[in-house]
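Chain by chain, the residues run as shown.
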Amino acid sequence: MSGPAPAELDPRTKRLLEGSILSNIVRLAVPNTTVMAVQVIIGLLEVYFVSGLGVDALAGVSQVFPLVSLMIAVSQGAVGGGIVTAIARCLGRGELRSASEYAWYSLAFSAVFGLLTTTVMECFGSDLYRLMGAHDATLEIANSYSRIIFGGVVLMWSFNLLMASIRGTGNLVVPVVVVCSCAVIVIPLSPFLIYGGWGMHGLGAAGGAVAMLVYYGMGTVAYGLFIWLHKGVLMPTKSVPRLTLAPALGVLRIGGMSALVGSSTNLTLAIVTAYVGLHGTEALAGYGSASRLEFLLVPLSYGVGGPVGILVSTNLGAGQVDRAVKASWLGVAIAAGVTEAIGVCAALLPDVWTGIFTSDPVVQSVGAQYLRVVGPFFGFFGIGYVLYCTGQATGRLALPVFGALTRAAIAIVGGYLLLGIHGNLRSNFVAVSVGMVCFGLAALPALVARVGYKPRSAR
């Protein structure tokens, strides 16, 4: 299969097809990881600010955090991943007009899925938090925070999907500029809204949710202006084009399978949170503070895996199979090294991390136990997540989904059985570790066999 003539390709796409694979990954991973890291830092600072309100507030926000992270994983990594790979393949084939139309699909998906998310959480949110162990003041705080953040969740959807449209072109500098600029505003805004100041009363934990919506709203406007003012590669029409079913289904096919990975990851954390909640508020707060580091693995792994997916999609669109395979292997190696380094450091020095959020000895003890047991296996998460991103690019997500579901089953079912037998938290944390190993190894055979790495004419 021959690619489009060089004249049909913009310089950014030509670099993805012809430049050094390692330098391309690093060039894209640095800004992408920066974006992910800044977003995580914003979330962590919010938790830090809320922790000043006491253990109940920290525990209440900890109940909502897995569900917010689930929504972000589905919008950014799943449906957003479908947008990224679709645009990258179109550009690899030299089809700029088709690529540009996906910006409008991003807005359409944002409206539909945003409304659906708000409706589901309004109907079932409180019951979910109660099942996860929240009660009394903790439940009240969780409900207050949840109603605000999910009431404006369409802003989070549009932020992530419009960012995906830009990322699909290989432009990861604009997301850095937008995210960092918005962070400069939201970081001081969050404690102001939580605690108050200048004669204004604070909103408590709910103030953090308001600050987050301000952040996503500003980012959405910035991305929209960049795309529709034609400042980048994409050239979408000013008026809404005729949106057809086939491109939408193509995105949803990738996004739906990908959502199983993101959902299972966050469902696992939510269920483990419920198990930990059986041991009391202090245990819940300890696990909540320690597990923030595991949440950090997703954006860091995606910081590497996202660019690898862009490289693989663009090169497969141009029929450059060997180059796509090499990019996948390099991505796996880089992500494994980064996430494993974080896990080992956390296992050796757990109090450094948990001490950021609390000085309560019981809370710190639970957090330290979690990091010592699970931290050494963080590298497998990095492997599994990059393989998930390459699965999006090749359209072969069966094994990454199988690995994610296996991880969830081991952590949830195995954790439940071990909890019944031993009745201690360590049993649950061991189950989480075993599940993480399975997630990392499940999709490796597909890469070894080059499953999905074939030009379309050979399929």
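Residues numbered from 1 in each chain as written. Predicted model: local features only at pLDDT ≥ 70, side-chain atom pairs only at ≥ 80, totals over all residues. Heavy atoms only, no water.

S.K.: Any details on the confidence of the model for the chain? Residues and values, ideally.
M.R.: A low pLDDT score tells you not to read the predicted coordinates there in detail. Looking at the chain as a whole, its pLDDT mean stands at 84, while 95% of the residues score no less than 70. Taking the mean pLDDT of every element in the chain, the minimum, 76, falls on strand 1 (residues 196-197) and the maximum, 95, on helix 6 (residues 153-167). Confidence over residues 1-7 falls short of pLDDT 50; this stretch has 13 contacts with residues more than four positions distant or in other chains. (pLDDT = per-residue confidence, 0-100. Helix = DSSP H or I, 4+ residues; strand = E, 2+ residues; numbered from the N terminus. Contact = heavy atoms within 4.5 Å.)

S.K.: Give me the side chain of T390: which residues, what numbers.
M.R.: Relative to the helices and strands, T390 resides in helix 14 (residues 378-394). Once residues within four sequence positions are removed from consideration, T390 is found in contact with V308, S328 and Y453.

S.K.: I'd like a rundown of the environment of Y302, residues and numbers included.
M.R.: Structurally, Y302 can be placed in helix 10 (residues 281-317). Sequence spacing of Y302 and M36 is 266 residues, and the spatial spacing of their C-alpha atoms is 7.8 Å. Residue contacts for Y302: discarding those within four places in its chain leaves N32, M36, Q76, G77, G81, R167, P307, Y385 and C389. Of note is the side chain of Y302, whose polar atom sits 3.0 Å from the side chain of R167. (Polar contact = N/O pair within 3.5 Å; in protein donor to acceptor, adjacent residues only side chain to side chain.)

S.K.: Break down the nonpolar core for me, citing the residues and quoting the values.
M.R.: F109, Y129, I149, F150 and Y223 are the most contacted members of the largest nonpolar core, which has 142 residues in total. When neighbours within four sequence positions are excluded, F150 is seen to be in contact with V64, L67, V68, M71, T117, T118, M121 and Y129. (Core = buried A, V, L, I, M, F, W, Y, C linked by side-chain atoms within 4.5 Å. Buried < 20%, exposed > 50% of the residue type's maximum accessible area, 1.4 Å probe, protein only.)

S.K.: Describe the pattern of salt bridges, and please don't skip the residues or the numbers.
M.R.: Counting across every chain of the model gives three salt bridges. One salt bridge connects E95 with R93, and the closest N-O pair in it is separated by 3.4 Å. Residue class for E95 comes out partly exposed when judged on its relative accessible area of 32%. Take R93: its relative accessible area is 26%, and that puts it in the partly exposed class. Note that D127 is salt-bridged to R130, the shortest N-O span being 3.1 Å. One end of the pair, D127, and the other, R130, are both in helix 4 (residues 96-131), three residues apart, so they sit about a helical turn from each other. When its relative accessible area of 41% is taken as the criterion, D127 is described as partly exposed. (Salt bridge = Lys/Arg side-chain N within 4 Å of Asp/Glu carboxyl O.)

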